[in-house]
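Close look at the chain arrangement
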Amino acid sequence: MGLVENGKSGHNKYERMDSDYVEGENLHPAEKTNNNKSTRNVDYPNLGNFNIWFLIFSSMSMHCSLYIIDVGVMSGAIIFIQEDLHITEVQEEVLVGILSIISLLGSLAGGKTSDAIGRKWTMGFAAVVFQTGAAIMALAPSFTILMVGRLLAGIGIGFGVMIAPVYIAEISPSIERGALTSFPEIFINLGILLGYVSNYAFSGLPVHINWRVMLGVGILPSVFIIFALIIIPESPRWLVMQNRIVEAKSVLLKTIDSEREVEERLAEIQQAAGHANAEKYEERPVWQELLNPSPGVKRMLITGCGIQCFQQITGIDATVYYSPTIFRDAGIKGNSELLGATIGVGCTKTLFILVAIFLIDRVGRKPLLYVSTIGMTTCLFGLGLTLSFMGNGPVGVKLAIFWVCGNVAFFSVGLGPICWVLTSEIFPLRLRAQASALGAVGSRVSSGLIAMTFLSVSRAITVGGTFFVFAAISSLTVVFVYNCVPETKGKSLEQIETMFQSDGQWRGGELELEDAENLVQKQ
């Protein structure tokens, strides 16, 4: 879903690119009856469409495979890699953290690549690069070769994480897009959980074999992408941008039951594509606008990039990547017991993302963020206390598992999924890809730095002390949410864009419908 700039005075500056809503006489018939009240009739998603579910499953299997390798498998495999290849603590940190840094290259290149060759084939390219890297890692005879595979896998992950949600958003029917675009988080957490399970299942193999099998398992879901490319269609929006209108209509007919709605949707996409193409020549470069932003865009960047960075610097990746280290410090000794405890973490993380998807459009973004960040602060502080004063005993072990599971649960309820939802909502069409990439840069760099320094910092100030630091950062996240994150639940993209034009409305997070209409008319 996106916005296109409208240069005509007296109208909203931005219009929806591919939804059922446009302004004035272009309103959907169901909406015209309520236009005076500025309300919309909202249909509940019809989730019985096999075509849609096949497309979602295809692109989400990419997410699943990427996160099996990135987080789930590596958290356990690193124990046996260290034993087999005799790597140092610094090499362990670099091996774990470098993937987040190098994935930036894939994410930054993904936008232009997908515009050039299409969303579908960009997913295929990502799968091939990722599979190559994973295969090299599984067969690596030394740390150097292992790093080469890790770098390639990182680039593939960068491409895949960027393009899969975009493809889903552009292929899904308007009334189902909100529900369907929430599914990446489910598959991400499912991938992590499957990685934990495979670690536990293969931990009994010889040390020079088990970690290779663990890494190899991550290749399997991405293989499905290669076969799915034969069946799944290209994004209709990309086809319209390439003037392949007949093909775009054919794709829409596969995902939308009503031919009338297909015609309306196609007309909206064509209009949006016309505006977007015109802006390439009439407007200053997007990166120039992002580097020298207007006050409204600056507020969007503060919210979007800030929430992405806070998502990572609260230590969630350290908690997930190094959960065996945390549990060992609490008193668990055996490798099988360590890996078994991580399965509990993965199950908790997957369960509570389902809670978030159920509540996000009912309760709202900001209340969930408050619950999430306050809960995370409490759990991180409790984990710090437990590891500092109650470790190496049965009570300490149980409390450590409790606090870790609590931390990932609160993260999954709010900060985990909502930062991506906000990023997709607050930026207008012409800025969205590059602005989202900028937010991803902050997220990946923060994740990489945390992963690459956790063991060194823990050695300097203890593991418990490190979690006291994460608790302090998490408390700052509560303040950031209060001051810089407005509530966007139930608001149109036009209203959200208008909120960021006023400092008071941005910080207050509330915008009455009548106020939005008055502000738009003044523009």
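Throughout, residues of each chain are indexed from 1 in the direction in which the sequence is written. The predicted nature of this model means local features are confined to residues of pLDDT at least 70 and side-chain atom pairs, given and counted, to a pLDDT of 80 or more, with totals for whole chains, interfaces and linings taken over all residues. Hydrogens and water are ignored here; the side-chain numbers use all heavy atoms of the structure.

**Structural notes on the overall build of the protein**
The number of helices and strands found in the protein is 25 helices and two strands. The classification of residues rests on relative accessible area computed with a 1.4 Å probe and restricted to protein chains. Under 20% of the type maximum is buried, over 50% is exposed, and intermediate values are partly exposed. Taking all 523 residues of the protein together, 58% fall into the buried category. Of the roughly 20,800 Å² of accessible surface on the protein, 64% is carried by carbon and sulfur atoms. Only DSSP runs of H or I reaching four residues or more are called helices, and only runs of E reaching two or more are called strands; each is numbered from the N terminus. Only the protein chains shown count as cover for residues, with accessible areas throughout obtained via the Shrake-Rupley method and a probe of 1.4 Å.

**Observations concerning unusual backbone geometry**
Note on backbone geometry: most residues besides glycine have negative phi, and most peptide bonds are trans. The backbone phi angle of histidine 86 is positive, close to 55°, even though this residue is not glycine. Mapped onto the elements, histidine 86 comes out in the loop between α2 (50-85) and α3 (89-117). Relative accessible area serves as the criterion here: at 65%, histidine 86 is assigned to the exposed category. Despite not being glycine, threonine 462 has its phi angle at roughly 75°, a positive value. The topology assignment puts threonine 462 in the loop between α21 (429-461) and α22 (463-484). Classification of threonine 462 by relative accessible area gives partly exposed; the value is 46%.

**Regarding the packing of aromatic side chains**
Here is the rule: rings of Phe, Tyr and Trp (six-membered ring for Trp) pair when centre to centre is within 6.5 Å. Planes less than 30 degrees apart are stacked, more than 60 are edge-to-face, and the remainder are tilted. Tallying each qualifying case throughout the model produces seven aromatic pairs. Each residue in the set Tyr322, Phe454, Phe467 and Phe470 is aromatic and connected to the rest through ring pairs, giving one cluster. Charge-over-ring contacts are defined here by two conditions on Lys NZ or Arg CZ: a distance within 6 Å of the ring centre and an angle within 35 degrees of the ring normal. Looking at arginine 362, its charged tip hangs above the ring of phenylalanine 358, at a distance of 4.2 Å from the centre.

**Concerning the nonpolar core**
Buried residues of nine kinds, namely Ala, Val, Leu, Ile, Met, Phe, Trp, Tyr and Cys, make up a nonpolar core once their side-chain atoms join them within 4.5 Å. Core analysis: the biggest nonpolar cluster contains 79 residues, and Ile81, Leu146, Phe454 and Phe467 have the highest contact counts within it. Discounting residues that sit within four places of it in the chain, phenylalanine 467 has contacts with Thr319, Ile326, Leu380, Leu383, Gly384, Leu387 and Phe454. Counting 20 residues, the second-largest nonpolar core is a separate cluster that includes Leu229, Val251, Ile256 and Ile269. Only heavy atoms matter for contacts: two residues are in contact if any of them lie within 4.5 Å across the pair.

**A closer look at the side chain of glutamine 312**
By secondary structure assignment, the location of glutamine 312 is in helix α14 (residues 295-313). Relative accessible area serves as the criterion here: at 4%, glutamine 312 is assigned to the buried category. Between N or O atoms, a polar contact is any pair within 3.5 Å; within protein, one atom must be a potential hydrogen donor and the other a potential acceptor, and residues adjacent in sequence are included only when both atoms are from side chains. Looking at glutamine 312, its side chain comes within polar contact range of the side chain of glutamine 311, at 3.2 Å. In this structure, glutamine 312 is in contact with Asp317, Ser443, Arg444, Ser446, Ser447 and Ile450, ignoring residues within four places of it in sequence.

**Things to note about the pattern of salt bridges**
Salt bridges are counted wherever a side-chain nitrogen of Lys or Arg sits within 4 Å of a carboxyl oxygen of Asp or Glu. In the structure shown here, the tally under the stated rule is five salt bridges. One salt bridge in this structure joins arginine 119 and aspartate 115, with 2.9 Å as the shortest N-O distance.

**As for the confidence of the model for the protein**
In this model, the protein carries a mean pLDDT of 75, and residues with pLDDT of at least 70 account for 74%. Known as pLDDT, the predictor's per-residue confidence is scaled from 0 to 100. Low pLDDT, under 50, characterises residues 1-48; the stretch is placed with 115 contacts to residues that sit more than four places away or in other chains. Throughout residues 509-523 the model reports pLDDT below 50, and contacts reaching past four residues in sequence, or to other chains, amount to 27 contacts.

**A word on a nonpolar patch on the surface**
Note that patches include only residues with greater than 30% relative accessible area and no salt bridge, and the join distances are 9 Å for like charges and 5 Å for nonpolar side chains (Val, Leu, Ile, Met, Phe, Trp, Tyr). Taken together, the side chains of Val128, Val223, Ile226, Phe227, Ile230 and Ile231 define a hydrophobic patch exposed on the protein surface, amounting to about 570 Å² of accessible area. The element that contributes the greatest number of residues to the nonpolar patch is helix α9 (residues 219-228), accounting for three residues. Positionally, phenylalanine 227 belongs in helix α9.

**Considering the packing of helix α16 (residues 323-330) against helix α17 (residues 335-359)**
Running from N to C, α16 and α17 cross one another at 120°; their axes reach a closest spacing of 9 Å. Of the possible angle classes, the one that applies to α16 and α17 is oblique. Both α16 and α17 take part in a crossing whose hand is right-handed. Judged by residue contacts, Ser323, Pro324, Phe327 and Arg328 of α16 engage Asn335, Leu338, Ala341, Thr342 and Val345 from α17. Taken together, the residues that form the contact of α16 with α17 break down as five nonpolar, three polar and one charged. Note on geometry: axes are lines fitted to C-alpha atoms, helical ones only across the stretch in contact, with angles between N-to-C directions running from 0 to 180 degrees. With respect to orientation, any angle under 35 degrees is reported as roughly parallel, any angle over 145 as roughly antiparallel, any angle of 65 to 115 as roughly perpendicular, and every other angle as oblique. In a left-handed crossing the near helix is turned counterclockwise from the far helix by less than a right angle, and in a right-handed crossing that turn is clockwise. Nonpolar residues are Ala, Val, Leu, Ile, Met, Phe, Trp, Tyr, Cys and Pro. Charged residues are Asp, Glu, Lys and Arg, and all others, Gly as well, are polar.

**Side note on the packing of helix α4 (residues 119-139) against helix α8 (residues 207-217)**
One can describe the packing of α4 onto α8 by two numbers: an axis separation of 8 Å at closest approach and a directional angle of 170°. When the axis of α4 is compared with that of α8, the two are roughly antiparallel. On the side of α4, the interface is formed by Met137, Ala138 and Leu139, while α8 contributes Trp211, Arg212, Leu215 and Gly216. Looking at side-chain class alone, the contact of α4 with α8 contains five nonpolar, one polar and one charged residues.

**Some points on the environment of glutamate 263**
Structurally, glutamate 263 is set in helix α12 (residues 259-282). A C-alpha to C-alpha distance of 9.4 Å links glutamate 263 and leucine 253, two positions ten residues apart in sequence. A polar side-chain atom of glutamate 263 sits 2.6 Å from a polar atom in the side chain of lysine 249.

**A word on helix α11 (residues 245-255)**
Every buried residue of α11 is accounted for by Ala248, Val251, Leu252 and Thr255. Taken down its axis, α11 places every buried residue within 100° of arc, on the same side. Read the arc as the range of directions from the helix axis to the C-beta atoms.

**Side note on the side chain of lysine 366**
Among the structural elements, lysine 366 can be located in helix α18 (residues 365-389). Owing to a relative accessible area of 10%, lysine 366 belongs among the buried residues under this scheme. A polar contact is formed between the side chain of lysine 366 and the backbone oxygen of tyrosine 482, at a distance of 3.4 Å.

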